[in-house]
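Working through the structure, step by step
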Amino acid sequence: MSDQRPGLSGLPPHELTEWLAAQDEPAWRARQIADALWTGGGVTDAAAIVTLPAGLRGSLGAFARLDTVGDTETQVTDGGLTEKALHRLDDGVLIESVLMHYPATRGSRERHTLCLSSQAGCAVGCPFCATGELGFGRDLETAEILDQARHAARRLATEGKRLTNIVFMGMGEPLLNLDRVLAAVEALNDPRRFGLGARHITVSTSGVVPGIRRLTSLGPQFTLAVSLHAARDALRDVLVPLNRRWPVAEVVGAARDHAAATGRRISYEVTMIGGVNDTPEDADALAGLLRGDHAHVNLIPMNPVAHTPWTASPMPVIESIAATLRAAGIETTIRRNRGQEVGAACGQLAAQRAGEPPAPAVARRRERLVLASAAALRGERSDEPVPAGVGE
Ligand code: SF4
C-alpha cells in the first residue's frame, strides 16, 4: 500500500500552522520548517531540521513525507548540458523531469531551466510524444510536482547555482490537473517558499480551452505556452487529438483573450515533423492564424520517438517556415532540440522502462498514422473520437 502521509512541500501554509497548533507548538515553527524545506532545495528528512526540537522532528516525520521523489536516477547528456531525472513515486509510477543548463552568452546570463511533469502519462495521446504512447496513469500530487523542482534545486546548490526557470512541459497536460498545478505555481512563486518570479515560470497546454479561460480569470500568473503543432484542423486532429474537442480557432481565440486580459505574450510551440506539418500551406496557415497577435512562435525539430513513422523536418525547411512567419510580423525562434526541450521528448525514459509493445501493434500504429496524416494533408477531418479522459 502506498504511503498515505501528505507530501510536506505541497501542504498549504495554513495547514502546517494548524498542525503545529495541534502539537501545542508556536506558529513561528512554521517559518523554521519552511526555511529548511525550501532553502537550496531543502532537506529530505525531518531529522535534518536541526532548528527543531528532537520530539517535533520525530512527529513531523511521522505526519508528512519530506520528499516524494526520493527514488531518482539521473542521466547526463548533451555534454553535461542536459540532466534527465527519472523519479519513481511512492506507488511505483515513473515520471521524468529534465534540467537544462544554458551557459551565459554575450546577450544573456547563464540559465538553468527545469522541465517538470504534472501527470504520470498523458491522456491527450499526441502521436509524436513518448508520454502519449504510455497513456494516462494518474494526476500528480502538488508535492510530487514541487519535489521535482526541489530535487533540481538541490542538485544545482551543490555547485552554488540556482534554478532560474521552470517550464511545465514534461509528462502530462497541466491544465487537466489544474488545481494542483496552480497550487504548485503559488508555492514556486511565493517568496517565503521557492521564490521564483512569475515571469520565470511557463505553463504549457495542448489546448484545454476551459483551463485557459480559467487562467485568464485569475490574471497574470506565469507565461502561457500553447503546443500548437498545426494551424489546420484536419492535421491538428491527428497531431493533437484534443483538437477534436477544442478546434484550433477556439484554442487560439482563448489564448488571444488571455494575452489581451493579462498583457502577457503567448508562446506557441510547433514540433516540426518532416513531410507532415512543414509544407508551404502549413506555413501560410500558421502565419494567417497568428498574424497581428501578441505571440511568439518556437519551431522545434521533432525528437525521434520509437513508434512513429516520422522524423524531424530538415533544417532548411524549418528556416523557410521561420522566414514566412517573420515576414508576417510574427516573432519566431528556431530552438535547438536538447532532446527534451518540449513534452514531445519527455517520457522517453519512462516509456523505455515500460517495455517494448509487441511488433504487430507498433506496425499497426505506424500504418494508422501514415494514413491519418495523409488524409489530413488532403484536408479530411479525422472521425476518431476525442481521447478518453479529456474534455468532458
Ligand atoms: S505532447 Fe504533451 S499533451 Fe501531447 S501526449 Fe505528450 S505530454 Fe500529452
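Everything numeric here is computed off the predicted structure, so don't read it as measured data. (Residues numbered from 1 in each chain as written. Predicted model: local features only at pLDDT ≥ 70, side-chain atom pairs only at ≥ 80, totals over all residues.)

1. Let's talk about the overall build of the protein chain
Helix and strand counts for the protein chain stand at 13 helices and 12 strands. In terms of overall dimensions, the protein chain has a C-alpha envelope of 70 × 45 × 45 Å along the principal axes. Considering the protein chain as a whole, with its 392 residues, one finds that 47% of them fall into the buried category. By sequence separation, contacts in the protein chain at least 24 residues apart represent 70% of the contacts at least 6 residues apart. (Helix = DSSP H or I, 4+ residues; strand = E, 2+ residues; numbered from the N terminus. Buried ≥ 20, exposed ≤ 12 C-beta atoms within 10 Å, placed from the backbone. Contact = placed C-beta atoms within 7 Å.)

2. As for the pairing of strand 1 (residues 71-77)
Examined bridge by bridge, strand 1 and strand 2 (residues 82-88) share 7 bridges and lie antiparallel to one another. Counterpart to Thr77 in the pairing with strand 2 is Thr82. Hairpin connection from strand 1 to strand 2: 4 residues lie between these consecutive antiparallel strands, with Asp78 at a positive phi of about 55°. (Pairing = 2+ DSSP bridges.)

3. So, the nonpolar core
Ala149, Ile166 and Leu188 are the most contacted members of the largest nonpolar core, which has 105 residues in total. With 7 residues, helix 5 (residues 142-157) is the largest single contributor of residues to this core. Beyond its immediate chain neighbours, meaning those up to four positions away, Ala149 contacts Leu114, Leu116, Leu163, Ile166, Leu188 and Phe194. (Core = buried A, V, L, I, M, F, W, Y, C linked by C-beta atoms within 7 Å.)

4. A few points about the domain arrangement of the protein chain
Domain parsing of the protein chain yields domain 1 (8-63) and domain 2 (71-377). Taking the mean C-alpha position of each, domain 1 and domain 2 sit 34 Å from one another. Taken together, the contacts link 8 residues of domain 1 with 15 residues of domain 2. Among the residues forming the side of domain 1 that touches domain 2, the class breakdown is 3 nonpolar, 5 polar and no charged. (Domains from an automatic or database assignment. Nonpolar A, V, L, I, M, F, W, Y, C, P; charged D, E, K, R; others polar.)

5. A few points about the packing of helix 5 against helix 6 (residues 178-189)
At a closest axis distance of 8 Å, the pairing of helix 5 and helix 6 adopts a crossing angle of 40°. When the axes of helix 5 and helix 6 are compared, the pair comes out oblique. Taken as a pair, helix 5 and helix 6 cross one another with a handedness that is right-handed. Where helix 5 approaches helix 6, its residues Thr142, Ile145, Leu146 and Ala149 are matched on the opposing element by Arg180, Val181, Ala183, Ala184, Ala187 and Leu188. Its residues placed into classes, the contact of helix 5 with helix 6 shows 8 nonpolar, 1 polar and 1 charged. (Axes fitted to C-alpha atoms, helices over the stretch in contact; angles between N-to-C directions. Parallel < 35°, antiparallel > 145°, perpendicular 65-115°, else oblique. Left-handed = near helix turned anticlockwise from the far one by under 90°.)

6. Some words on the packing of helix 10 (residues 280-290) against helix 11 (residues 315-327)
Where helix 10 contacts helix 11, the axes come no closer than 9 Å and their chain directions differ by 30°. Taken as axis vectors, helix 10 and helix 11 run roughly parallel relative to one another. Of the two possible hands of crossing, helix 10 and helix 11 adopt the one that is right-handed. Contact residues: Ala283, Asp284, Leu286 and Ala287 in helix 10; Ile321, Thr324 and Leu325 in helix 11. For the contact of helix 10 with helix 11, the per-class residue count stands at 5 nonpolar, 1 polar and 1 charged.

7. Some thoughts on the pairing of strand 10 (residues 266-272)
Across the 7 residues of strand 10, 7 count as buried, placing the element largely inside the fold. Across the two faces of strand 10 the burial is the same, with Ile266, Tyr268, Val270 and Met272 and Ser267, Glu269 and Thr271 all buried. In terms of strand pairing, strand 9 (residues 223-227) meets strand 10 through 3 bridges, oriented parallel. When the sheet's bridge partners are listed, Ser227 is paired in strand 10 with Glu269. In this sheet, strand 11 (residues 295-301) lies alongside strand 10 in parallel orientation, the contact comprising 7 bridges. Within strand 11, the position partnered with Ile266 by the bridge is Ala295.

8. Brief notes about the sheet that holds strand 1
Strand order in the open sheet formed by 10 strands is 1-2-3-4-7-8-9-10-11-12, with mixed pairing between adjacent strands. Each edge of the open sheet is held by one strand with a lone partner, namely strand 1 and strand 12 (331-334). On average, each strand axis in the sheet is tilted by 20° relative to the strand beside it, whichever way the strands run. Across 3 bridges, the pairing between strand 4 (residues 111-115) and strand 7 (residues 165-168) is parallel. The residue bridging Thr113 from the neighbouring strand is Asn165, located in strand 7. In the packing of helix 9 (residues 248-262) onto the sheet, the strands contacted are strand 9 and strand 10, and the crossing angle to strand 9 comes to about 165°.

9. Digging into the environment of Gln221
Within the element layout of this structure, Gln221 appears in the loop between helix 7 (209-218) and strand 9. Along the sequence, Gln221 and Asn303 sit 82 residues apart, while their C-alpha atoms lie 30 Å from each other.

10. What about unusual backbone geometry?
Positioned with a positive phi, Asp24 is a non-glycine residue whose angle comes to about 60°. Mapped onto the secondary structure, Asp24 falls in the loop between helix 1 (13-22) and helix 2 (29-38). Phi at His229 takes a positive value of approximately 65°, unusual for a residue other than glycine. You can see His229 is positioned in the loop between strand 9 and helix 8 (233-239).

11. Focus on the environment of Glu15
Of note, Glu15 is situated in helix 1. Classification of Glu15 as partly exposed rests on a count of 13 C-beta atoms within 10 Å.

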